[in-house]
Amino acid sequence: MSKESTGKPMIVEVDIERPEIDKIRIAAGVIRNGGLVAFPTETVYGLGADALNPEAVAKIFRVKNRPADNPVIVHIADKREVYKLTRDVPIKARELMDLFWPGPLTLVLEKSGIVPHITTGGLETVAIRMPDHKVTLAIITESGTPIAAPSANPAGKPSPTTARHVMKDLGCKVDVILDGGPTRVGVESTVLDLTAHTPTILRPGGITAEELRSVLGSVKIHPAGVKIEVTPSPGMKHKHYAPNAAMIVVEGNFDVIVRKVQELADEHRRGGKRVGIMATSESPAYDADVVKITGSRADLKTIARNLFGILRGFDEEKVDIIIVEGVDAKGLGLAIMDRLERAAGHRIVRV
Ligand code: AMP
Ligand code: MG
């Protein structure tokens, strides 16, 4: 079963509290044979392959159409694996592993010789994390190898948070899809570079900058952006998370955002466009073709969890443009705004 692949994948529903061992063994068998398995993690659905098998990792890049210089994260189920995959585990890394693993924090460290360059996009560093999901951990353990797993979507598109999203995007190109229901966090892990002089967030995610600062003291946030040509994290420069519809993010104080969102919606509808608005439960009743609520502004976890699914929902409703209420870039808001701004190709209106 290491085709790339033909026909229908095997879709297997799995119990996320007590993963059935026979189902885990099917997935692990595919990984060991160099195939591709899509599975849930606590963040988003991943497209997994044996991280130490260059041919298997090459399939991930082909299936996702991912640029070869964008490295993939290596997932482990046992903290001791870090010592095999890296040259040096600084004390800061050990502290973070103790506090945040398993969980949505990825650490970038100097790679060891066993990690193939295709996995690291040619870099001498490797990104590693231990996911907080029983299904993922069981597959890794049962495979007996670390698993490279970027999000299970074509490069550039919104990440998948359900097995149905994976089926739609990559269906016939994977061997097995494990269906564990919608993912809990909904945005990807925080990527933290520990090889820099000051620990640097390369991608904001499920663990907040504030949480990291409470442990490390000073933490930089890399000024990521599409315009940046030379970046330490290749993923930063590529187009990301984009729905088919055009997108504009409105940022500022909430009352001013609300007025601007309606104004932009009116303007685009007058121009004959089918307009969607991504709103929050505090929003007034907007006038648009499609309005979707991500959650309360006071509950960023819910907004994060719903974000990618709602972006996809606008495409299903065939809107031409999505106008989005920004949130404050604090706590989980930083990861939410990062995804929204990239999805919008940095079309941002500050009011
Ligand atoms: P994904 O696999 O789609 O969740 O994306 C992984 C992210 O981690 C991308 O933004 C990568 O560029 C970044 N990343 C992975 N490995 C490294 C590394 N060795 N150095 C810097 N960034 C990395
Ligand atoms: Mg991704």
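Residues numbered from 1 in each chain as written. Chains lettered and ligands numbered in written order. Predicted model: local features only at pLDDT ≥ 70, side-chain atom pairs only at ≥ 80, totals over all residues. Heavy atoms only, no water.

Enquirer: What's the story with the overall build of the protein chain in this structure? I'm lost.
Expert: The secondary structure content of the protein chain amounts to 10 helices and 16 strands. A globule of 351 residues ought to have a C-alpha radius of gyration of about 20 Å, and the protein chain, at 20 Å, matches this closely. Each principal axis of the C-alpha atoms in the protein chain carries an extent, and together these give about 55 × 50 × 35 Å. Taking all 351 residues of the protein chain together, 57% fall into the buried category. A separation threshold of at least 6 residues defines the contact pool for the protein chain, and within that pool the share at least 24 residues apart is 68%. Within the structure as shown, the protein chain displays about 14400 Å² of accessible surface, and the carbon and sulfur contribution to it stands at 51%. (Helix = DSSP H or I, 4+ residues; strand = E, 2+ residues; numbered from the N terminus. Rg over C-alpha atoms; globule rule 2.2 N^0.38 Å. Buried < 20%, exposed > 50% of the residue type's maximum accessible area, 1.4 Å probe, protein only. Contact = heavy atoms within 4.5 Å. Areas by Shrake-Rupley, 256 points an atom, 1.4 Å probe, with all protein chains shown as cover.)

Enquirer: Quick question: what am I supposed to make of the confidence of the model for the protein chain here?
Expert: Of the residues in the protein chain, 93% reach a pLDDT of 70 or more, and the chain-wide mean stands at 94. The low-confidence segment residues 225-232, where pLDDT is below 50, has 13 contacts with residues more than four positions distant or belonging to other chains. (pLDDT = per-residue confidence, 0-100.)

Enquirer: Would you mind showing me how to read the sheet that holds strand β12 (residues 246-251) here?
Expert: Backbone-to-backbone hydrogen bonds pair the strands of a sheet. The strands run either parallel or antiparallel. Strand order in this open sheet of five strands is β14-β13-β15-β12-β16, and the pairing throughout is parallel. Each of the sheet's edge strands pairs with one partner strand only, and the pair in question is β14 (290-293) and β16 (348-350). The average angle at which neighbouring strand axes cross in this sheet is 20°, direction not considered. Where β12 lies against β16, three bridges are found, and the strand directions are parallel. When the bridges of β16 are listed, E251 appears paired with R350. Lying on the sheet, helix α8 (residues 254-270) is in contact with β12, β13 (275-279), β15 (321-325) and β16; it crosses β15 at an angle near 170°. With respect to the sheet, helix α9 (residues 300-316) is in contact with β12, β13, β14 and β15, its orientation differing from that of β13 by roughly 165°. (Pairing = 2+ DSSP bridges. Axes fitted to C-alpha atoms, helices over the stretch in contact; angles between N-to-C directions.)

Enquirer: Even after reading the chapter, I still don't get the pattern of salt bridges, so can you show me in this structure?
Expert: Where charged atoms of side chains with opposite charge meet at close range, the side chains can pair. Under the criterion given, the structure shown has 22 salt bridges. Residues R129 and E42 are paired through a salt bridge, measuring 2.8 Å at the closest nitrogen-oxygen approach. With R129 in strand β6 (residues 125-129) and E42 in the loop between β2 (37-40) and β3 (45-50), this residue pair connects regions lying 87 residues apart in the sequence. Judged by its relative accessible area of 1%, E42 is buried. (Salt bridge = Lys/Arg side-chain N within 4 Å of Asp/Glu carboxyl O.)

Enquirer: What should I look at first to understand helix α1 (residues 21-32) in this one?
Expert: Think of an α-helix as 3.6 residues a turn; residues three or four steps apart then line up on the same face. In this model, α1 (12 residues) spans 16 Å end to end at C-alpha, consistent with the 16 Å of a helix rising 1.5 Å per residue. Within the span of α1, buried status applies to I24, A27, A28, V30 and I31. One face of α1 carries all of its buried residues, which in axial projection span an arc of 155°. Contact partners of the buried residues in α1: β2, β3, α5 (134-143), β7 (147-148) and β8 (176-179). Once α1 ends, the next one or two residues include G34, with phi positive near 85°. (Expected span 1.5 Å × (residues − 1). Arc of directions from axis to C-beta.)

Enquirer: What am I meant to see in the sheet that holds β8 here?
Expert: Pairing is mixed across the open sheet formed by 11 strands, whose spatial order is β1-β8-β2-β3-β7-β4-β6-β5-β9-β10-β11. Each edge of the sheet is formed by a strand with only one pairing partner; in this case those strands are β1 (10-13) and β11 (220-221). Where helix α4 (residues 91-100) meets the sheet, it contacts β5 (105-110) and β9 (190-193), and its direction lies at approximately 160° from that of β5. Here helix α6 (residues 163-170) sits on the sheet in contact with β1, β2, β3 and β8, set at roughly 160° to β8.

Enquirer: Please explain unusual backbone geometry as it appears in this structure.
Expert: With the exception of glycine, the majority of residues adopt a negative phi angle, and the majority of peptide bonds are in the trans configuration. The amide bond that connects W101 to the next residue, P102, takes the cis arrangement and shows omega of -5°. Its place among the elements puts P102 in the loop between α4 and β5. Non-glycine residue N65 carries a positive phi angle of around 60°. With respect to the secondary-structure elements, N65 resides in the loop between α2 (54-64) and β4 (74-75). Phi is positive for H346, which is not a glycine, with a value near 65°. Structurally, H346 can be placed in the loop between α10 (333-343) and β16. Accessibility expressed as a relative area gives 27% for H346, which makes it partly exposed.

Enquirer: How do you make sense of the packing of aromatic side chains when you look at a structure like this?
Expert: Aromatic rings considered in pairs are described by the distance between their centres and by the relative angle of their planes. Evaluation of the coordinates by the stated rule reveals one aromatic pair. Seen from the ring of F314, K292 lies directly overhead, with NZ or CZ sitting 5.8 Å from the centre. (Phe/Tyr/Trp six-rings, centres within 6.5 Å; stacked < 30°, edge-to-face > 60°. Lys NZ or Arg CZ within 6 Å of the ring centre and 35° of its normal.)

Enquirer: Just checking my understanding: could you explain the nonpolar core for this structure?
Expert: Side chains of nonpolar character tend, in soluble globular proteins, to be buried together. One finds L96, W101, L105, L107, L192 and L212 to be the most contacted residues of the largest nonpolar core, which totals 45 residues. For this core, the secondary structure elements donating two or more residues are β3, α2, α3 (81-85), α4, β5, β6, α6 and α7 (209-216). Top contributing element to this core by residue count: α2, with five residues. Not counting residues within four places of it along the chain, the set of residues in contact with L192 comprises L96, L105, T106, L107, V108, P199, T200, I201, L212, L216 and V219. (Core = buried A, V, L, I, M, F, W, Y, C linked by side-chain atoms within 4.5 Å.)

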